[in-house]
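# Commentary on secondary and tertiary structure
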Amino acid sequence: MAQRTRGRFRTALLAPVLAFGATLGLAAAPAQAAVWHTCDQWGNTSLNGYTLYNNIWGRGAGAQCTWANSGTNWGVWADHPNTGGIKSYPNAKKVVNKSITGMSSLTSSYRVNVPSSGAYNTAYDIWDTDYDYEVMLWMNYNGPVGPLGSAQGSVALGGHSWNVYKGRVTNPDGSYHDVFSFLRTSDSTSGTVNILPILKWIKDTKGWWGNETIGDVQFGFEITSSAGGLNFVTENLTVSAR
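Quick caveat: nothing in here was measured; it's all calculated off a predicted structure.

What follows deals with the overall build of the chain. Across its full length, the chain carries 2 helices and 15 strands. In the chain, buried positions account for 53% of the 242 residues. Within the chain, counting contacts between residues at least 6 apart in sequence, those at least 24 apart form 69% of the total.

In structure tokens:
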């Protein structure tokens, strides 16, 4: 099962990442005229209210470059070896900073183009402000990847049907955070998800957390392997909180 430990603890788990230059990313990226690109391990920028991260955080990672035309149209070229373990989570982040009961809606629309090979998932990663809880929404996935924790049944929420998993990550400093993973029962590369009912279901129906303040909503590609170089493209993304 794939263990995910990003956020404030991610740097502690890194092994050396292969060195590579900007020329590799420019040659591989499909958007030569992108307004921003990076091949740096922690490369990031802010565009149109979103923060983009290259975010190569896992052990045994290979080369990866991220480009962006805007905060909502961006992509990744990644060449990670066919070994186990998550290598990266390139993503776009939208800051929310609202409590669950303080929101009237939290929605997102997405449209992606993903490869037919490799091992990865396309997922939302939603954190509370204290990084005590992580909610993952897997919209599609491919290859030998799986969620952390144990199965908790199935549920229809937010316009989608999910298989639900609950697990816990122990961080290097001895603290931990809980992970609630929702895996869509069939792959989707475009659509809209109503996120707030999912957060309320975790709180009110399951009692797994309280009235948490949601810090940010991330959306990206959790890549385990992409040998030979594969492209992952977010053609459009919107995240809206009210």
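Past the structure itself, the notes keep going.
In this section: the sheet that holds strand E13 (residues 190-194). Spatial strand order, E1-E4-E5-E15-E7-E13: 6 strands in an open sheet with antiparallel pairing. Since the sheet does not close on itself, it has two edges, and those belong to strand E1 (36-38) and E13, each with one partner. Looking at each pair of strands side by side, their axes are set apart by 20° on average, direction ignored. Of the pairings in the sheet, the one linking strand E7 (residues 106-113) to E13 comprises 5 bridges and is antiparallel in character. Bridged to Ser109 within E13 is Thr192. Each of E7 and E13 is contacted by helix H2 (residues 196-205), which is oriented at about 45° to E13, the strand it contacts most.

Criteria and thresholds
Residues take numbers from 1 onward in each chain, read along the sequence in its written order. Side-chain atom pairs in this predicted model are given and counted only at pLDDT of 80 or more, local residue features only at pLDDT of at least 70, and totals for whole chains, interfaces and linings cover all residues. Derived side-chain values reflect all non-hydrogen atoms in the structure, with water molecules and hydrogen atoms excluded from consideration. Secondary structure elements follow DSSP: runs of H or I of four or more residues count as helices, runs of E of two or more count as strands, with numbering from the N terminus. With a 1.4 Å probe rolled over the protein chains alone, any residue whose accessible area is under 20% of its type maximum counts as buried; one over 50% counts as exposed, and the rest are partly exposed. In what follows, residue pairs with any heavy atoms lying within 4.5 Å of each other are defined as contacts. In short, DSSP must find at least two bridges between two strands for them to pair. Between N-to-C directions, angles cover 0 to 180 degrees, with each direction set by a line fitted to C-alpha atoms, over the stretch in contact for helices.

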